[in-house]
Amino acid sequence: MQGYRLKSDTVTPMRYREVIHAPLWLLAIIYFFLLSIVISVWAALGNNPALVTLAIVTFLLILFYFKSALIIEVDAHELRVGRAHIEHRYIGEIRNLEGEQIRLARTRDADPRAHLAIRFWESKGVQVFINDKRDSTPYWLISCKKGSELIKALHS
């Protein structure tokens with residue numbers, strides 16, 4: 001399905017779109033921790049407050065799932081990662097990183113001036129170097145599952 005974005009009264013087709021959500025195992029761990037709060041409320045206050053607390057923590061988990069999503073979009077004019085965006089003309093070299101490469105790029109070899117749009121549970125990503133003399137950011141490090149497709153969309 002082709003995506004579209006409205007931009008100043010024109011419709012521009014999306015070249016690439018990816019949404020990275022938190023994995024099920026992470027949601028389960030968070031939910032089990034939140035359930036310990038529900039059990040504490042139940043033990044101290046009874047059934048009704050525990051049911052209200054259960055509804056609240058379930059809502060919070062669903063909210064976390066959607067708010068923690070990383071949305072990556074490429075159209076004819078720019079790359080958008082979350083709220084950040086950059087025009088294609090300022091994008092330089094792009095590297096596809098996997099496993100050890102991305103681990104080093106976000107830890108030991110990281111530049112403190114870099115823009116990080118990473119999720120710790122994703123072991124793949126791309127490093128997009130910035131060619132803008134006015135911007136001190138050397139590169140963007142972006143978690144993504146389909147790095148080669150993102151690179152292809154940025155080059156087309």
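The coordinates are above.
To start, this report covers the structure provided alongside it.

Quick notes on the rules
Residues numbered from 1 in each chain as written. Predicted model: local features only at pLDDT ≥ 70, side-chain atom pairs only at ≥ 80, totals over all residues. Heavy atoms only, no water. Pairing = 2+ DSSP bridges. Helix = DSSP H or I, 4+ residues; strand = E, 2+ residues; numbered from the N terminus. Axes fitted to C-alpha atoms, helices over the stretch in contact; angles between N-to-C directions. Contact = heavy atoms within 4.5 Å. Patch = residues over 30% accessible without salt bridge, like charges linked within 9 Å, V, L, I, M, F, W, Y side chains within 5 Å. Areas by Shrake-Rupley, 256 points an atom, 1.4 Å probe, with all protein chains shown as cover. Salt bridge = Lys/Arg side-chain N within 4 Å of Asp/Glu carboxyl O. Phe/Tyr/Trp six-rings, centres within 6.5 Å; stacked < 30°, edge-to-face > 60°. Buried < 20%, exposed > 50% of the residue type's maximum accessible area, 1.4 Å probe, protein only. Polar contact = N/O pair within 3.5 Å; in protein donor to acceptor, adjacent residues only side chain to side chain. Core = buried A, V, L, I, M, F, W, Y, C linked by side-chain atoms within 4.5 Å. Expected span 1.5 Å × (residues − 1). Parallel < 35°, antiparallel > 145°, perpendicular 65-115°, else oblique. Left-handed = near helix turned anticlockwise from the far one by under 90°. Nonpolar A, V, L, I, M, F, W, Y, C, P; charged D, E, K, R; others polar.

A few words on the sheet that holds strand β8 (residues 124–130). With respect to topology, 4 strands assemble into an open sheet ordered β6-β8-β9-β7, the strand pairing being mixed. Every interior strand has two partners, whereas the edge strands, β6 (91–98) and β7 (115–117), have only one. On average, each strand axis in the sheet is tilted by 15° relative to the strand beside it, whichever way the strands run. Where β8 lies against strand β9 (residues 139–143), 5 bridges are found, and the strand directions are antiparallel. Bridged to G125 within β9 is S143. Set on the sheet, helix α4 (residues 147–155) makes contact with β6 and β8; between it and β6 the angle comes to about 170°.

A surface patch of nonpolar side chains, about 460 Å² in accessible area, is lined by V52, I56, F59, L60 and L63. Relative to the helices and strands, F59 resides in helix α2 (residues 47–67).

Our focus in this paragraph is the packing of aromatic side chains. Applying the stated criterion to the full structure yields 4 aromatic pairs. Both rings, one in F120 and one in W121, keep their centres 5.1 Å apart while their planes meet at 75°; by these two values the pair is edge-to-face. Overall, the relative accessible area of 58% leaves F120 in the exposed class.

Moving on to the side chain of D75. When you line up the elements, D75 lands in strand β3 (residues 70–75). Within the structure, the side chain of D75 is placed 2.8 Å from the backbone nitrogen of H77, a separation counted as a polar contact. At 2.9 Å, the side chain of D75 and the backbone nitrogen of E78 are in polar contact.

Within the largest apolar cluster, 28 residues are counted, with the highest numbers of intra-cluster contacts made by I72, L79, V81, V126, W140, I142 and L150. Setting aside residues up to four positions removed in sequence, I72 forms contacts with Y16, R17, E18, I20, L79, R80, V81, I142, S143, C144 and L150. Within the second largest apolar cluster, 6 residues are counted, among which are L97, A105, A114 and L141.

The next thing to look at is the side chain of T53. Of note, T53 is situated in helix α2. Looking at T53, its side chain comes within polar contact range of the main-chain oxygen of P49, at 2.7 Å. Discounting chain neighbours no more than four positions away, the residues touching T53 are I37, V38 and V41.

Once that is clear, we can look at α2. Over its 21 residues, α2 extends 30 Å from the first C-alpha to the last, a length consistent with the 30 Å expected when each residue adds 1.5 Å. Elements that come into contact with the buried residues of α2 comprise α1 (24–45).

So, on to the pattern of salt bridges. Applying the stated criterion across every chain, the model contains 10 salt bridges. In this structure, the salt-bridge partner of R17 is E73, at a minimum N-O distance of 2.8 Å. With R17 in strand β2 (residues 10–20) and E73 in strand β3, this pair connects stretches of sequence that are 56 residues apart. Of the charged contacts, one joins D109 and R108 as a salt bridge, the two residues approaching to 3.0 Å between their closest N and O atoms. Each of R17, E73, D75, E78 and R80 takes part in salt bridges that share partners, so that together they form one network.

Two quantities define a packed helix pair, namely the angle between the axes and the distance from one axis to the other. Orientation of α1 relative to α2, taken along the N-to-C sense of each, is 160°, at an axis distance of 8 Å. Comparing the axis directions of α1 and α2 gives the class roughly antiparallel. Viewed along their axes, α1 and α2 form a crossing whose handedness is right-handed. Along the contact surface, α1 presents L27, I30, Y31, L34, L35, I37, V38, V41, W42 and L45, while α2 presents N47, P49, A50, T53, L54, V57, T58, L61, F64 and Y65. Its residues assigned to classes, the contact of α1 with α2 shows 17 nonpolar, 3 polar and no charged.

Just geometry here; none of it tells us what the structure is for.
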